[in-house]
Structures are given as C-alpha cells and as structure tokens.
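# Secondary and tertiary structure notes
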Amino acid sequence: CHRPEVMEKEADKAKILCEAQLLILKFLAKSNVFGKGVLQKHATKAVTEAKEEIKYNEHAIDLLIKHNLILMKEFCTHLALILRERIVIMPYSLLIKNQKSSQEEEEDRKERKERKESQE
C-alpha cells in the first residue's frame, strides 16, 4: 500500500475531497440560509474544539483563513489561551506534581522508619 502510484491516488482523492468541502462551505457562506457570520461562528467553534491533529493541521486552517471562513479574532484568542495555558499552567502543574512526589517520598520515609523501629 506504500507504492508511489497508490499514495499519489490517495493524495489526489484527499485534495478533491478538500476542494469539495471548501466549495460547500463557500456556498453556505454565500447563501441566505445561514449567512456568512453564522457559518464563520460554527466553523471557528468546530476548529477550536477539534482534536489536536485536526486543530493544528496547517493546510486546513490556512484554507479556512484564506477563504475567510473562520473568525480570526476568536481563533487568535483561542490560540493565545492555549499558549498561556502551556506557558503558565503546565509548569505550575509540574510543580504541584513534584510537590506531591516529595510529600509521597516523605511519607514513605516515615513509614520505613516506623517499620524499622517496630522491628527493633
């Protein structure tokens, strides 16, 4: 299945599917059924709530941005919150984890000491 011609066909199929989905999104944005604002709102929400492999797919996000199908202010705010979480909260959670590990080590030392004293 890793033959070049098979992989090329799969890439072509993926490109066609992507273009078809983009056409549908453009149609929905232009139609009076939902309106562009509603579509942008839902597309932005879908992207920000998606799995990480989808959320950080540069090609997909680039297409949505180029065709003005996501709300940039909300998307950028979401990215800023993610960065803030990773910069501020992650080290804090590691600190808490290390503190818990230190507390557990201290408790283990006390238990060993008590066992040793009880054995003597």
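Everything quoted here is computed from the prediction, not taken from an experiment. Residues take numbers from 1 onward in each chain, read along the sequence in its written order. Confidence filtering applies because this is a predicted model: local features only for residues at pLDDT of at least 70, side-chain atom pairs given and counted only at 80 or more, and all residues used for totals across whole chains, interfaces and linings. The basis for every side-chain value is the complete set of non-hydrogen atoms in the structure, without hydrogens or water.

## Overview of unusual backbone geometry
What counts, and what does not: Helix and strand labels come from DSSP, where a helix needs a run of H or I of at least four residues and a strand needs a run of E of at least two; each type is numbered from the N terminus. The cut-offs for exposure are 20% and 50% of the maximum accessible area for each residue type, with area from a 1.4 Å probe on protein chains only; residues under the lower value are buried, those over the upper are exposed, and the others partly exposed.
The phi torsion at asparagine 68 lies on the positive side, around 55°, for a residue other than glycine. Within the element layout of this structure, asparagine 68 appears in the loop between helix 4 (58-66) and helix 5 (72-119). Take asparagine 68: its relative accessible area is 38%, and that puts it in the partly exposed class.

## So, the layout of surface pockets
The criterion, for reference: Using protein atoms alone on a 1 Å grid, points that fit a 1.4 Å probe yet trap it form a cavity, whereas open point sets bounded by protein on both sides within 12 Å along at least five of seven lines form a pocket; residues with an atom within 4 Å of a point count as lining. Grid points are joined across faces, edges and corners, and a volume is the space filled by probe spheres set on the points. Think of it as three bins: nonpolar holds Ala, Val, Leu, Ile, Met, Phe, Trp, Tyr, Cys and Pro, charged holds Asp, Glu, Lys and Arg, and polar takes everything else, Gly as well.
In this structure, the largest pocket occupies an estimated 310 Å³ of space. Cys18, Gln21, Leu25, Ala60 and Leu64 are the residues nearest the centre of the largest pocket, which is lined by 14 residues in total. Going through the elements one at a time, helix 1 (4-30), helix 2 (36-48) and helix 4 are the ones with two or more residues in the lining of the largest pocket. With five residues, the single largest contributor to the lining of the largest pocket is helix 1. Its residues assigned to classes, the lining of the largest pocket comprises eleven nonpolar, three polar and no charged.

## A closer look at the pattern of salt bridges
For clarity, the threshold we go by: The rule for a salt bridge is simple: a side-chain nitrogen of Lys or Arg has to be within 4 Å of a carboxyl oxygen of Asp or Glu.
Applying the stated criterion across every chain yields a total of two salt bridges. Salt-bridge contacts for aspartate 62 lead to lysine 66; the nearest nitrogen and oxygen are separated by 3.2 Å. Taken together, the residues aspartate 62 and lysine 66, both in helix 4 and four residues apart, mark about one turn of the helix. We classify aspartate 62 as partly exposed; its relative accessible area is 34%. Residues glutamate 111 and arginine 115 are paired through a salt bridge, measuring 3.6 Å at the closest nitrogen-oxygen approach. Here the residue glutamate 111 and the residue arginine 115 both occupy positions in helix 5, the gap between them amounting to four residues, near one helical turn. Here glutamate 111 falls in the partly exposed class, since its relative accessible area comes to 41%. Judged by relative accessible area, arginine 115 falls into the partly exposed class, the value being 47%.

## Details of helix 4
Defined as follows: Throughout, the arc means that of the directions going from the helix axis to the C-beta atoms.
Every buried residue of helix 4 is accounted for by Ile61, Leu63 and Leu64. Along the axis of helix 4, the buried positions cluster into a sector of 160°, meaning they face one direction only. Across helix 4 from its buried face, at more than 90 degrees, point the exposed residues Glu58, His59 and Lys66. The first or second residue beyond helix 4 is asparagine 68, which carries a positive phi of 55°.

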